Amino acid sequence: MSPPCHTSALLLVFVALAVAGAEQSEERSCDVVGDESSESQMERALLKKLEPLSHMRFNVTVEKGKTENYIYHFRVCREVNSTSHDFGGLVQTDRQNGKTTVIGRINETQVFNGSDWIMLIYKGGDSYGRHCSGEKRRAVIMISCKRGVTASSFSIISEEREKEQECFYLFEMDSSVACPAENSHLSVGSILLITFVSLIAVYIIGGFLYQRLVVGAKGMEQIPHFAFWQDLGNLVADGCDFVCRSKPRNAPAAYRGVGDDQLGEESEERDDHLLPM
C-alpha cells in the first residue's frame, strides 16, 4: 500500500473511532411510551422542564429487618449506569448480595402534571418473580413543588406488590421545577409610574449634561429648559394665589380708615360754631 493510501486509511479509522466514542459518551434521555408521532406537546414540554435535574443522581437506602436491605438509585431521564446500556432510570441494588434490579426504564416513560406537581413514570422494569403475576416492574416518581430548591428529599413511599396487576414502586421528591411560573406582582399603575419616573430621570440627567457640556451653561442655566420651567412655576404660583385667597385683591376693606380728606372736612365743620352770630 502506498504511503498516501496508508495515511488515508489511518485517518478513516481515527474518524470512525471518534464518532463511535462520541455516540457512546452521549447519554440517552427519556423516550415516552408510543411512537414519536404520538408524543404530545405537553409531554415534550414537561421533559424539557425536567432537564435541569438530569445531571443529578439520587440514592435512598431502605432496610426492613434482615431480609430486605436495598439501595435505590435514580436519575431523571438518564441511565443510572450508562455503560450497561439497559435504559435503567431507577435501579434497586441488594446490599446483601450486590444483585441489581431495574425498577423502571427511561425508554418507556410517561409524564404528566398538575398545578404544583409532576408525575414521572418509568415502565418496562425487570419482571416480578412470585408477585403481581410476573409482570414488569414500574416506578412512579412524584415531584412536588418546593421553591428555592433544585432537588431534595428523594425517598420511597411504598411498594405496591400485593395486587394481581398494575403493581408499582412509589417515590417522591421536592423540586422547584414542578412549581408554576410566578406572576408579576407589579400592577399596571406601578409599571406606568416606573416608566414615567425613568423618563423624567433621563430628561433631567440628559438635559443637564447637554446644557453643561455642549451649551456651556453655568449655575441654574444648566437645568434643561430653565426659562420654561421658571415661567411655569410663576404661572402655577399665580394660579394658587388666585384660587386659594379668601377674597379678591380689589375688594373694598370691611372698615374705613381715617384719611386726609376726612380730617380736612371735619376741621371746617368744627370751626363754624366759633363764628359770631
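Definitions and cut-offs
- Residues numbered from 1 in each chain as written.
- Predicted model: local features only at pLDDT ≥ 70, side-chain atom pairs only at ≥ 80, totals over all residues.
- Heavy atoms only, no water.
- Helix = DSSP H or I, 4+ residues; strand = E, 2+ residues; numbered from the N terminus.
- Buried < 20%, exposed > 50% of the residue type's maximum accessible area, 1.4 Å probe, protein only.
- Contact = heavy atoms within 4.5 Å.
- Areas by Shrake-Rupley, 256 points an atom, 1.4 Å probe, with all protein chains shown as cover.
- Disulfide = S-S within 2.5 Å.
- Pairing = 2+ DSSP bridges.
- Axes fitted to C-alpha atoms, helices over the stretch in contact; angles between N-to-C directions.
- pLDDT = per-residue confidence, 0-100.
- Patch = residues over 30% accessible without salt bridge, like charges linked within 9 Å, V, L, I, M, F, W, Y side chains within 5 Å.
- Salt bridge = Lys/Arg side-chain N within 4 Å of Asp/Glu carboxyl O.

Per an unreviewed UniProt entry, the protein goes by Cation-dependent mannose-6-phosphate receptor and derives from Motacilla alba.

Draft legend 1. Up close: the overall build of the protein. For the protein, the count of helices and strands is 5 helices and 8 strands. Traced from its N-terminal end to its C-terminal end, the protein shows the element sequence α-α-β-β-β-β-β-β-β-β-α-α-α. Among the 277 residues that make up the protein, the fraction classed as buried is 25%. The contacts in the protein between residues at least 6 apart in sequence include a share of 48% that link residues at least 24 apart. Carbon and sulfur atoms make up 57% of the accessible area of the protein, which totals about 19,500 Å².

Draft legend 2. Representation of unusual backbone geometry within the structure. Its identity is not glycine, yet cysteine 132 carries a phi of approximately 55°, on the positive side. Note on cysteine 132: relative accessible area 3%, which makes it buried. Positive phi values are uncommon outside glycine, yet serine 133 reaches one of about 55°. Summarising the element assignment, serine 133 is placed in the loop between β5 (117–124) and β6 (139–145). Judged by relative accessible area, which is 54%, serine 133 ranks as exposed.

Draft legend 3. Examining the state of the cysteines more closely. Tallied over the full model, the rule gives 3 disulfides. Sulfur-sulfur distance for the disulfide between cysteine 30 and cysteine 77 comes to 2.1 Å. Note on the cysteine 30 and cysteine 77 pair: the S-S dihedral is about -100°, so by sign convention the disulfide is left-handed. You can see cysteine 30 sitting in the loop between α1 (3–25) and α2 (41–49) and its partner cysteine 77 sitting in the loop between β2 (68–75) and β3 (88–94), a full 47 residues away along the chain.

Draft legend 4. The arrangement of the sheet that holds strand β4 (residues 100–113) in detail. Read across the open sheet, the 8 strands follow the order β1-β2-β3-β4-β5-β6-β8-β7; overall the sheet is mixed. Where the open sheet ends on each side, the last strands, each with one partner, are β1 (57–64) and β7 (152–160). Put simply, the sheet's adjacent strands are angled 25° from each other on average, direction ignored. Judged from the 5 bridges that link them, β3 and β4 form a sheet pairing that is antiparallel. Paired with valine 91 across the bridge in β4 is valine 102.

Draft legend 5. Just the pairing of strand β8 (residues 168–175), in detail. Side chains Tyr169, Phe171, Met173 and Ser175 of β8 all project onto a buried face; the interleaved residues Phe168, Leu170, Glu172 and Asp174 project onto a face where none is buried. In this structure, β6 lies alongside β8, joined through 7 bridges in parallel fashion. Counted as the bridge partner of alanine 139 is tyrosine 169 from β8. Pairing geometry for β7 and β8, over 6 bridges, is antiparallel. From the neighbouring strand, serine 152 faces β8, where its bridge partner is aspartate 174.

Draft legend 6. Layout of the confidence of the model for the protein. In the predicted model, the protein carries a mean pLDDT of 81, and the fraction of residues at 70 or more is 77%. Long-range and interchain partners of residues 18–24, a stretch whose pLDDT sits below 50, account for 0 contacts in this model, where long-range means more than four residues apart.

Draft legend 7. Up close: a nonpolar patch on the surface. Among the surface-exposed residues, Leu193, Phe196, Val197, Ile200, Ile204, Ile205, Phe208, Leu209, Tyr210, Leu213, Val214 and Val215 lie close enough to one another that they form a single nonpolar patch of about 1,200 Å² accessible area. Within the secondary structure, tyrosine 210 sits in helix α3 (residues 188–215).

Draft legend 8. Just the environment of glycine 134, in detail. Assignment of secondary structure puts glycine 134 in the loop between β5 and β6. Separated by 30 residues in the primary sequence, glycine 134 and glutamate 164 have C-alpha atoms spaced 8.9 Å apart.

Draft legend 9. Broad picture of the pattern of salt bridges. Going through the model one piece at a time under the given rule, you end up with 5 salt bridges. Between arginine 28 and glutamate 79 there is a salt bridge whose closest N-O contact spans 3.6 Å. One end of the pair, arginine 28, is in the loop between α1 and α2; the other, glutamate 79, is in the loop between β2 and β3, and 51 residues separate them in sequence. Taking the shortest distance from any N to any O, the salt bridge between arginine 161 and glutamate 68 comes out at 3.1 Å. Here glutamate 68 lies in strand β2 and arginine 161 lies in the loop between β7 and β8, a separation of 93 residues in the sequence. The exposure class assigned to arginine 161 is partly exposed, which follows from its relative accessible area of 25%.

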